[in-house]
Amino acid sequence: MEFEIDSKGKKCTGLIAELEKAMSDSSISKVRVTAHDVPTKIDIYAWAKRKGHKIAEADPAGRGIFRMVVEK
């Protein structure tokens, strides 16, 4: 099952907490994340690496928006 998170209006800690919760759910295999700035994108990459997850897709959507898929 997939889950989707949009970082718009969220602080980094809230976004990472949401990612952590989603990825700890055994029924979720991947999470689609939309990051609305470069620092958030960097934080997602760092978090995924630290937790042993991989960024399966990374697509710049334009105007500073990045779409990624985090997989277990």
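Parameters at a glance
- Residues numbered from 1 in each chain as written.
- Predicted model: local features only at pLDDT ≥ 70, side-chain atom pairs only at ≥ 80, totals over all residues.
- Heavy atoms only, no water.
- Pairing = 2+ DSSP bridges.
- Helix = DSSP H or I, 4+ residues; strand = E, 2+ residues; numbered from the N terminus.
- Axes fitted to C-alpha atoms, helices over the stretch in contact; angles between N-to-C directions.
- Contact = heavy atoms within 4.5 Å.

> Sorry if this is basic, but what is going on with the sheet that holds strand 2 (residues 30-35) here?
Within a sheet, neighbouring strands are paired by backbone hydrogen bonds and run either parallel or antiparallel to one another. Here we have four strands laid out as an open sheet, ordered 1-2-4-3, and mixed in their pairing. Edge positions in the sheet fall to strand 1 (2-6) and strand 3 (54-62), since each has one partner strand and no second. Taken over all neighbouring pairs, the strand axes of this sheet differ in orientation by 15° on average, direction set aside. With seven bridges connecting them, strand 3 and strand 4 (residues 65-71) associate as antiparallel partners. Note on strand 4: the bridge partner recorded for P60 is F66. Where helix 2 (residues 38-51) meets the sheet, it contacts strand 2, strand 3 and strand 4, and its direction lies at approximately 10° from that of strand 4.

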